[in-house]
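This is what each chain is made of:
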Amino acid sequence: MVEAFDLPERILMGAGPSEVPPSVLRVMSAPLVGHLDPYFLKIMDENQTLLRYVFNTKNEFAIPISGTGSAGMETALCNMLESGDGIIIGINGLFSMRMKDIAERCGAKVHVIEQQLGRVFEPEQVEEALKETGAKAVALVHAETSTGACQPLQDIGRIVREKDALFIVDAVTSLGGVPVDVDANYIDICYSATQKCLSVPPGLAPLTLNERALEALENRRTKVQSWYLDLNMLRNYWGDERTYHHTAPISMNYALNQGLKIVQEEGLEERYERHKRISDLMTEGLVEMGFGLFAQEGHRLPMLITVTMPPGVDADRTRLELLQRYNIEFAGGFGELKGKIWRIGLMGHSASEKNVYYALSAIKKVTRK
Ligand SMILES: *Cc1c(COP(=O)(O)O)cnc(C)c1O
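Residues numbered from 1 in each chain as written. Predicted model: local features only at pLDDT ≥ 70, side-chain atom pairs only at ≥ 80, totals over all residues. Heavy atoms only, no water.

Novice: So what exactly am I meant to see when it comes to the overall build of the chain here?
Specialist: Of the regular secondary structure elements, the chain holds 12 helices and 15 strands. For the chain, the C-alpha radius of gyration of 21 Å lies close to 21 Å, the compact-globule estimate for 369 residues. The C-alpha extent of the chain, read off along each of the three principal axes, is 65 × 60 × 35 Å. Burial statistics for the chain: of 369 residues in total, 57% are counted as buried. Considering only residue pairs separated by 6 or more positions, the chain has 72% of its internal contacts joining residues 24 or more positions apart. Summed over all atoms, the accessible surface of the chain reaches about 16,300 Å², with 51% contributed by carbon and sulfur. Once the 39 positive and 48 negative side-chain charges of the chain are each reduced to a mean point, those two points are 5 Å apart. (Helix = DSSP H or I, 4+ residues; strand = E, 2+ residues; numbered from the N terminus. Rg over C-alpha atoms; globule rule 2.2 N^0.38 Å. Buried < 20%, exposed > 50% of the residue type's maximum accessible area, 1.4 Å probe, protein only. Contact = heavy atoms within 4.5 Å. Areas by Shrake-Rupley, 256 points an atom, 1.4 Å probe, with all protein chains shown as cover. Lys, Arg positive; Asp, Glu negative; His and termini not counted. Charge placed at Lys NZ, Arg CZ, Asp CG, Glu CD.)

What follows is the structure, given as structure tokens:
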């Protein structure tokens, strides 16, 4: 007999993974069927339908990429970009920097627009950059998990559409927590991940493309540089033909199916409302204790609160103590924010009153010294 893991009982309030509902964990231990079994094909179909629902899109194409959120990012960029293509990337945090790295590896000409950490882009900034460069695509992060800022999309999306460019949006942290509304925001390619506000373990990256994006894919002069992430082949696997490409991770697709059904049962609007209510509760408590709010006012994410410390409180030491003494996981800051902020995740199943009250009491303990 293999000994059971000696697992700590963590409360996941970091930058993801979030807590996973027990029923999702249960379906992951269900027996496997073959990946071309009629039963599994039905799960694949359902997952596509459920993804259209959470993305709020009429797009036919909506699949989970086998891989984490970064695989979704890489899929979006390497299918849309060929060597020499221009892309405007808005950089205001860690994940947009990752986009730039990937786009450069695709041989694209990257035009960077910048904002301070914690701040969001104005439509004029994008409009100007598009006029100057005539770039083929614009890429932005909707919910910048490294800073806590929520990027408004609709006005920028409209501008990108008017200029006939492609709008690529990272909705890894936002999907299921705030409205992503792919169609209403003029998003052409949108990707996410399972382990943030969808509350499914890490391992799949939901992705959707509209007709404009599919046309760009069909009009490529060169093959997509990644074999595994080539959407031409993935389309045939997930479409009517079911042509074998790779073995879809069976258990993860069970988990996604169950996780998305839970989202549907709660209802998207109700889910957004819960994230906001729980986030407000947490924020009030933190402000009362003297924490500062880091992200730009009016553009703060509900599911990821970034706070600066009250005087005399060491961010990293207290964070470690919260983990070791109270089993609470918060995330720390990246780069220049390292040691300066906490990033508190209230994503999906983790966004509960129970977690907020427990965390606030624990924070009181570790900061009163
Ligand atoms: C977490 C995250 C990613 C990367 O996802 P992984 O699942 O860690 O690969 C990308 N973008 C944003 C905004 C994220 O929060």
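Novice: Explanation requested: the site of the ligand in the structure shown.
Specialist: Around the ligand, the surrounding shell holds 14 residues, and the nearest of these are Thr 68, Ser 70, Thr 145, Gln 195 and Lys 196. Measuring from an oxygen atom of the ligand, one finds a backbone N or O atom of Gly 69 at 2.9 Å. Between a nitrogen atom of the ligand and a side-chain N or O atom of Asp 170, the distance comes to 2.8 Å. About the coverage of the ligand: the protein hides 89% of its 380 Å² of free accessible area. Broken down by secondary-structure element, the contributors of at least two residues to the shell around the ligand are helix H3 (69–80) and helix H4 (94–105). (Near = heavy atom within 4 Å. Polar contact = N/O pair within 3.5 Å; in protein donor to acceptor, adjacent residues only side chain to side chain.)

Novice: Help me understand the domain arrangement of the chain, please; the structure alone is not making it clear to me.
Specialist: For an interface, size is often stated in terms of accessible area lost upon the parts coming together. Split into domains, the chain comes out as domain 1 (11–15 + 267–367) and domain 2 (22–264). Taking only C-alpha atoms, the centre of domain 1 and the centre of domain 2 are 27 Å apart. Interface area for domain 1 against domain 2, summed over the two sides, is near 2,300 Å², with a carbon-plus-sulfur share of 63%. Across the contact surface, domain 1 and domain 2 share 0 salt bridges. For the pair domain 1 and domain 2, the number of links is 12 residue pairs in polar contact (both at pLDDT 80 or more). Elements represented by at least two residues in the side of domain 1 that touches domain 2 include exactly helix H10 (268–288), strand S12 (304–308) and strand S15 (341–345). When residues of the side of domain 1 that touches domain 2 are assigned to their parent elements, the largest contribution, 4 residues, is made by H10. When the residues that make up the side of domain 1 that touches domain 2 are grouped by side-chain class, the tally is 13 nonpolar, 8 polar and 4 charged. (Domains from an automatic or database assignment. Buried area = accessible area lost by both parts, 1.4 Å probe. Salt bridge = Lys/Arg side-chain N within 4 Å of Asp/Glu carboxyl O. Nonpolar A, V, L, I, M, F, W, Y, C, P; charged D, E, K, R; others polar.)

Novice: Can you help me understand the side chain of Asn 185 in this one?
Specialist: Turning to its location among the elements, Asn 185 is positioned in the loop between strand S8 (166–170) and strand S9 (189–191). Among the polar contacts listed, one links the side chain of Asn 185 to the backbone oxygen of Val 180, at a separation of 2.8 Å. In this view, Asn 185 contacts Leu 153, Gln 154, Gly 157, Phe 167 and Val 180; residues no more than four positions away in its chain are not counted.

Novice: Sorry if this is basic, but what is going on with the pairing of strand S5 (residues 137–141) here?
Specialist: Side-chain direction in a regular strand flips from residue to residue, so the side chains alternate between the two faces of the sheet. Most of S5 sits inside the fold, with 5 of its 5 residues counted as buried. Burial along S5 is two-sided: Ala 137, Ala 139 and Val 141 and Val 138 and Leu 140, pointing in opposite directions, are all buried.

Novice: Can you help me understand the nonpolar core in this one?
Specialist: Formed by 48 residues in total, the largest nonpolar core has its most connected members in Ile 65, Met 80, Ile 87, Ile 168, Ile 189, Leu 207 and Leu 209. Ranked by the residues each element gives to this core, the list is headed by H3, at 6 residues. Beyond its immediate sequence surroundings of up to four residues, Ile 87 is in contact with Leu 77, Leu 81, Ala 103, Ala 108, Lys 109, Val 110, His 111, Ala 135, Ala 137, Val 138, Ala 139 and Ile 168. One finds Ala 62, Val 180, Cys 190 and Ala 255 within the second-largest nonpolar core, a separate group that totals 39 residues. (Core = buried A, V, L, I, M, F, W, Y, C linked by side-chain atoms within 4.5 Å.)

Novice: Any chance you could explain the pairing of strand S10 (residues 204–209) here in plain terms?
Specialist: Burial within S10 is extensive, with 6 of its 6 residues counted as buried. Burial of S10 is two-sided: the residues Leu 204, Pro 206 and Thr 208 facing one way and the residues Ala 205, Leu 207 and Leu 209 facing the other way are all buried. As defined by bridge partners, strand S2 (residues 61–66) adjoins S10 across 6 bridges and the pair is classed as antiparallel. Paired with Ile 63 across the strands is Leu 207, a residue of S10. (Pairing = 2+ DSSP bridges.)

Novice: Is there a simple way to think about the sheet that holds S9 in this case?
Specialist: Hydrogen bonds along the backbone pair up the strands of a sheet, which may run parallel or antiparallel. Read from one edge of the open sheet, 7 strands run S2-S10-S9-S8-S5-S3-S4, paired in mixed fashion. Looking along the sheet, the strands with just one partner apiece sit at the ends: S2 and strand S4 (109–114). Averaged over neighbouring strand pairs, the angle between their axes works out to 20° when direction is ignored. (Axes fitted to C-alpha atoms, helices over the stretch in contact; angles between N-to-C directions.)

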